[in-house]
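Spelled out, the chains give:
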Amino acid sequence: MQAKAGQFFSSGHTNNWAVLVCTSRFWFNYRHVANTLSVYRSVKRLGIPDSHIVLMLADDMACNHRNPKPATVFSHKNMELNVYGDDVEVDYRGYEVTVENFLRVLTGRLPPSTPRSKRLLSDDHSNILIYLTGTSRWNGFLKFQDSEEISNVELADAFEQMWTKRRYNELLFIIDTCQGASMYERFYSPNLMALASSQVGEDSLSHQPDLAIGVHLMDRYTFYLLEFLEDIHPASTANMNDLFKVCPKSQCVSTPGHRTDLFLRDPGNVLITDFFGSVRKVEITMETINLTAPMVFSIEIIIKNYCNQ
Amino acid sequence: MAAHRCNIFMLVFVLCGLTYVFVRADIEDTNHVKDAESVAVDIAPKANIGASLRSTKTEDQTQAAEEERQWEATEVKEADRVPDTMQTPDVPPLTPAKDQFQEELVIRPLHSGDIYASFQFRTMWDTDFLRGSKVSHYRLFPKSLGQVISKFSVRELHISFTQGYWRTMQWGQPFLPSPPGAELWVWFQDTVTDVDGAWKELTNVLSGIFCASLNFIDSTNTVQPSASFKPLGLGNVTDQRFLRYAVLPREIVCTENLTPWKKLLPCGSKAGLAVLMKSEKLFHSSFHSQALHFRPVCQDWKCKSTVWELRQTLNVVFDLHTSGQGKREWSLFKMFSRTVTEACPLASSSKVYVDVTDNPQGELFELSPTTPLLSQAVVLGDRRTYSVYDLTNQATFGQTRSLNMLLRWRAAESGDMLRPLLHGERYVAGYGLQTGEIHTLMYNNHPYRAFPVLLLDTVPWYLRLYIHTLTVTSKGRDNKPSYIHYQPSKDRLRPHLLEMLVQLPPNSVTEVTMQFERALLKWTEYTPDPNHGFYVGSSVISALVPSVVAMDTNSTRECPLFSSFFPCKEESSYFMRVYTEPLLVNLPTPDFSMPYNVICLTCTVVAVGYGSLYNLLTRTFQVEEPSPGLAKRLANIIRRLRGVPLL
């Protein structure tokens, strides 16, 4: 019985977080907001609650005055799927989506008056999904709001800070932008897995325009990713190898890339729902904890946590 | 036998009550936003259990019955749908119902063919957090807001999010005016020592609750008005140190702001009038405004105790032409793509009012289904007649179990509308990117009465106002304001604040002009899209406007929510607030690629210039002989050996 329970809790994470960022502004970048919202929709559907999702949208497309159908963001042409929905909570919007705020959210160094919904309150048993989308015209950076950029070195350092501060157990990083693979080249912290929509030297292309709205609705990689995720349900056993096969060159025109050398487990054993869903797990302890003496209680907990690593 | 059964019933009931209390405590700890909804779910089954238990009681068990009624008195009052015919009138309730919730919807057809719908939800919260007692039990009042209010010692809180501009001349006066963008003004209690610190934290917390960028409110857009924005609730706190006012004209409103706003209602968006609020229809409108007003009011006409009132309002104007179909016909389904099927079970009153003042005999439009209830209310200085649909009465829903009102117009012409007495406009004049002029026009359309208005202007620091050029003219002549309060701006610290009390002559236009100069910002202070322009918040014009009919100062009568928002002190006038348009000004914008260009050019010039100069100054020339031929070299070797000078 004990062994079976031990097998069940093998992945070591107890909660899931998601940080979904769209970094581009202006109406013609509608597709980036649609990308982020479709990942948001899948992640919510698979169980991660709004309190564990930090959604950052750099511009408002749904209630933009150019939108012929207000309060909607569509991902398929002929307005089939409204990924904006009726129950959405955007934590950072408009001018708040900056490189500084993004890095502060990741590393947890936020001003004390920041509300809880804007914080990434992860711990060392959290699996975090980070999704970035935007434009980047060259190798090694991602543009934020067309006025500043984040480089791959900064991102790698931020993840290292997260690792030393024990802010994640495992981290999945997905990026959909031109030359996306350059963004994960510099990672050096353990337990990171990364996916990108295109290799260095290639452009990520958009999928299809809608004539009524007048702009491209989605990027190809995220479009096929959304199609793949629509088939996943919370009890699904699909693993990461299936995710790596999403959008081959014939569909995507660019070659999606992935990086698993920093990840300790074998990707074939990692379930999709480990990152996209929210499976609540419980830690069992066999010891009794004395609650009457507070000082002794805290030292015991510290020793117990330290020994369990 | 009977006594034995009584004991068992009592025991079972006590156990049920205790488990219910423990379960409720657990739910409250873990789920603070959904608290109101869980309360709604829990109370209904409890009342049902109570009703079934009560119906099994006999006359012998009066002792147990009385005790049980005392237990249940609170729940029965809130679940108004359950008929309490069994309760004897002479048993006093132990704890009277503390919270109360009312909802109403007013539909007013406008003369331009559009239709104006105004939702108002009022939650009364009877609690005593002023005296330091911590509130831990929340019923109808939303817990997330209650905790914020008690933590920051807020006396009054008014926040509104608006998309669109209210066109006063075409639509008349709104029930609750609001400026485009987000507006927040707060009166703190006089026990707060650091008002600025509390204001900063409050704006951050509210930005988390409403998913809006209210954290951009800081000292550069906050002012302390001295005369406008007096408290709308009870209390004689008039020290302006405790008042803060800020407006963000650029703030957008979308579904992410509506979702948390709806979650603050006791029934959420699941029952009652809130089911009509679907974002796809609400944002496809000419004007959309959602607001939240919190203030202390009298509990009843004796005013011995104060209760806290939370009003959530949503005003929307639907456009005739964008909704499709040429003919003029409006229905609940066409406006909201939903119909009402039931009232909120937690509401003590739930009504829909349709304005039929212009339609006394039904000759202008036809309203179906018909209703016998009519009500008259004096609102905005005019006596209006309303057809009332009472949603707590099951008969309103008829056979189809849903209410879908239909207004079908017969006549093409609708006649003239009552001209609004007070109206404001504002625009920027001038040319170029250095100077400009702000013109504010205030119209007094009353034929013979003059009245004073209070004008509040908040201008950001980067438009440097020249107050010595301020002119106020009415009918071509100078009009000197009787009270001026001006606080100049400080660069990057605080904005301009100008408040003036101006007397408007009857049937006239008063023009206020001021010149300004545009400042050049530091290059990091520009937004990512600076060529869009920079917004200046709306001016606020507050006035006591003479009323055509006698206003109702008697606050004891039960009056509909929409007519009782602004307190009415005298019969001959009513309070009105008008917002002008926000301004969009272009600041001189630099070319942001220039730092890169400058660095390249400077480095090139320095490299070329300095390099050349250095070479010229420090280079020395040495003459070097070409290497001699073989014969000469041999001869030189022999000469060296002999000690003779070389060739």
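Preceding this paragraph is the structure being described.
Here is what the cut-offs are and how they apply
Residues numbered from 1 in each chain as written. Chains lettered and ligands numbered in written order. Predicted model: local features only at pLDDT ≥ 70, side-chain atom pairs only at ≥ 80, totals over all residues. Heavy atoms only, no water. Helix = DSSP H or I, 4+ residues; strand = E, 2+ residues; numbered from the N terminus. Buried < 20%, exposed > 50% of the residue type's maximum accessible area, 1.4 Å probe, protein only. Contact = heavy atoms within 4.5 Å. Areas by Shrake-Rupley, 256 points an atom, 1.4 Å probe, with all protein chains shown as cover. Salt bridge = Lys/Arg side-chain N within 4 Å of Asp/Glu carboxyl O. Pairing = 2+ DSSP bridges. 1 Å grid on protein atoms, 1.4 Å probe; cavity = no way out; pocket = protein on both sides within 12 Å on 5 of 7 lines; lining within 4 Å. Points joined across faces, edges and corners; volume = space filled by probe spheres on them. Nonpolar A, V, L, I, M, F, W, Y, C, P; charged D, E, K, R; others polar. Phe/Tyr/Trp six-rings, centres within 6.5 Å; stacked < 30°, edge-to-face > 60°. Lys NZ or Arg CZ within 6 Å of the ring centre and 35° of its normal. Buried area = accessible area lost by both parts, 1.4 Å probe. Polar contact = N/O pair within 3.5 Å; in protein donor to acceptor, adjacent residues only side chain to side chain. Axes fitted to C-alpha atoms, helices over the stretch in contact; angles between N-to-C directions.

1. Examining the overall build of chain B
So, point 1. When helices and strands are counted, chain B shows 11 helices and 26 strands.
So, point 2. For chain B, the proportion of its 647 residues judged to be buried stands at 50%.
So, point 3. A separation of at least 24 residues holds for 76% of the contacts in chain B among residues at least 6 apart in sequence.
So, point 4. Summed over its atoms, the accessible surface of chain B is roughly 31,700 Å², and 56% of this surface lies on carbon and sulfur atoms.

2. Topic: the overall build of chain A
So, point 1. Helix and strand counts for chain A stand at 9 helices and 9 strands.
So, point 2. Residues counted as buried form 57% of the 309 residues belonging to chain A.
So, point 3. At a minimum sequence separation of 6, the contacts of chain A that also span at least 24 residues come to 72%.
So, point 4. Entry remark: accessible area of chain A is about 13,500 Å², with carbon and sulfur atoms responsible for 55%.

3. A few points about the pattern of salt bridges
So, point 1. Taken as a whole and judged by the stated rule, the model has 32 salt bridges over all chains.
So, point 2. Of the charged contacts, one joins E329 of chain B and R408 of chain B as a salt bridge, the two residues approaching to 3.2 Å between their closest N and O atoms. Of the two residues, E329 of chain B sits in strand β9 (residues 329-331) while R408 of chain B sits in strand β14 (residues 406-409), which places them 79 residues apart along the sequence.
So, point 3. Classification of E329 of chain B as buried rests on a relative accessible area of 18%.
So, point 4. Of the charged contacts in the structure, one is a salt bridge between D382 of chain B and R384 of chain B, with a shortest N-O distance of 3.0 Å.
So, point 5. Residue class for D382 of chain B comes out buried when judged on its relative accessible area of 17%.
So, point 6. One network of salt bridges, in which partners are shared, links K44, D50, D87 and E89 of chain A together with K263 of chain B.

4. With respect to the pairing of strand β4 (residues 126-133) of chain A
Residues and elements named next belong to chain A.
So, point 1. Counting buried positions along β4 yields 8 of 8 residues, so the element is predominantly enclosed.
So, point 2. Here β4 shows two buried faces, one formed by S126, I128, I130 and L132 and the other by N127, L129, Y131 and T133.
So, point 3. Relative to strand β7 (residues 170-176), β4 is paired through 7 bridges, and the arrangement is parallel. Across the sheet, residue Y131 finds its bridge partner in β7, namely I174.

5. With respect to empty space enclosed by the protein
All names here are of chain B.
So, point 1. Taken as a whole and judged by the stated rule, the model has 7 cavities of 30 Å³ or more.
So, point 2. Put simply, the largest cavity is a space of about 160 Å³.
So, point 3. Those elements that place two or more of their residues in the lining of the largest cavity are β3 (154-163), β4 (181-188), β7 (287-298), β8 (306-318) and β25 (573-579).
So, point 4. For the lining of the largest cavity, a count of residues per class yields 9 nonpolar, 7 polar and 2 charged.

6. Some points on the packing of aromatic side chains
Residue and element names in this part refer to chain B.
So, point 1. On inspection of all chains with the given rule, the structure shows 37 aromatic pairs over all chains.
So, point 2. Between F229 and Y245, the aromatic rings sit 4.5 Å apart at their centres with planes inclined by 25 degrees, giving stacked as the arrangement. Here Y245 lies in strand β6 (residues 243-248) and F229 lies in the loop between β5 (222-223) and β6, a separation of 16 residues in the sequence.
So, point 3. Relative accessible area serves as the criterion here: at 1%, F229 is assigned to the buried category.
So, point 4. Under the relative-accessibility criterion, Y245 is labelled buried at 1%.
So, point 5. Joined through ring pairs, the aromatic side chains of Y116, W166, W171, F175, F287, Y353, Y386 and F562 make up one cluster.
So, point 6. In this structure, R295 packs its charged tip against the face of F565, placed 4.8 Å from the ring centre.

7. Details of the interface of chain B and chain A
So, point 1. Contacts between the two partners involve 29 residues from chain B and, on the opposite side, 26 residues from chain A.
So, point 2. Between chain B and chain A, roughly 2,400 Å² of surface is buried when both sides are summed, and carbon and sulfur atoms account for 52% of that area.
So, point 3. The largest share of the area that chain B buries against chain A comes from C211, E256 and P528 of chain B, three residues that together contribute 22% of it.
So, point 4. On inspection of chain B and its partner chain A, the count reaches 6 salt bridges.
So, point 5. Across the salt bridge formed by R25 of chain A and D529 of chain B, the nearest N and O atoms sit 3.2 Å from each other.
So, point 6. The interface formed by chain B and chain A holds 16 residue pairs in polar contact (both at pLDDT 80 or more) in total.
So, point 7. Broken down by secondary-structure element, the contributors of at least two residues to the side of chain B that touches chain A are α6 (195-210), α7 (255-263) and α8 (279-282) of chain B.
So, point 8. For the side of chain B that touches chain A, the leading source of residues is α7 of chain B, giving 6 residues.

8. Thoughts on the sheet that holds β25 of chain B
Whenever strands of a sheet pair, they do so through backbone hydrogen bonds, lying parallel or antiparallel.
All names here are of chain B.
So, point 1. Strand order in the open sheet formed by 5 strands is β20-β21-β17-β24-β25, and the pairing between neighbours is antiparallel. Among the strands making up the open sheet, the edge pair consists of β20 (483-487) and β25. Averaged over all neighbouring strand pairs, the angle between strand axes comes to 15 degrees, with direction disregarded.
So, point 2. The pairing of strand β17 (residues 451-459) with strand β21 (residues 496-504) spans 9 bridges and is classified as antiparallel. Bridging across to β21, P452 finds its partner in Q503.

9. Structural notes on unusual backbone geometry
In terms of backbone geometry, most residues other than glycine have negative phi values and most peptide bonds are trans.
Residue and element names in this part refer to chain B.
So, point 1. That bond from S368 to P369 is cis: its omega, 0 degrees, falls within 30 degrees of zero.
So, point 2. Mapped onto the elements, P369 comes out in the loop between β11 (365-368) and β12 (374-379).
So, point 3. A positive phi angle is found at L380, which is not glycine, with a value near 55 degrees.
So, point 4. With respect to the secondary-structure elements, L380 resides in the loop between β12 and β13 (382-390).
So, point 5. Phi is positive for R401, close to 60 degrees, though the residue is something other than glycine.
So, point 6. Checked against the element boundaries, R401 lands in the loop between β13 and β14.

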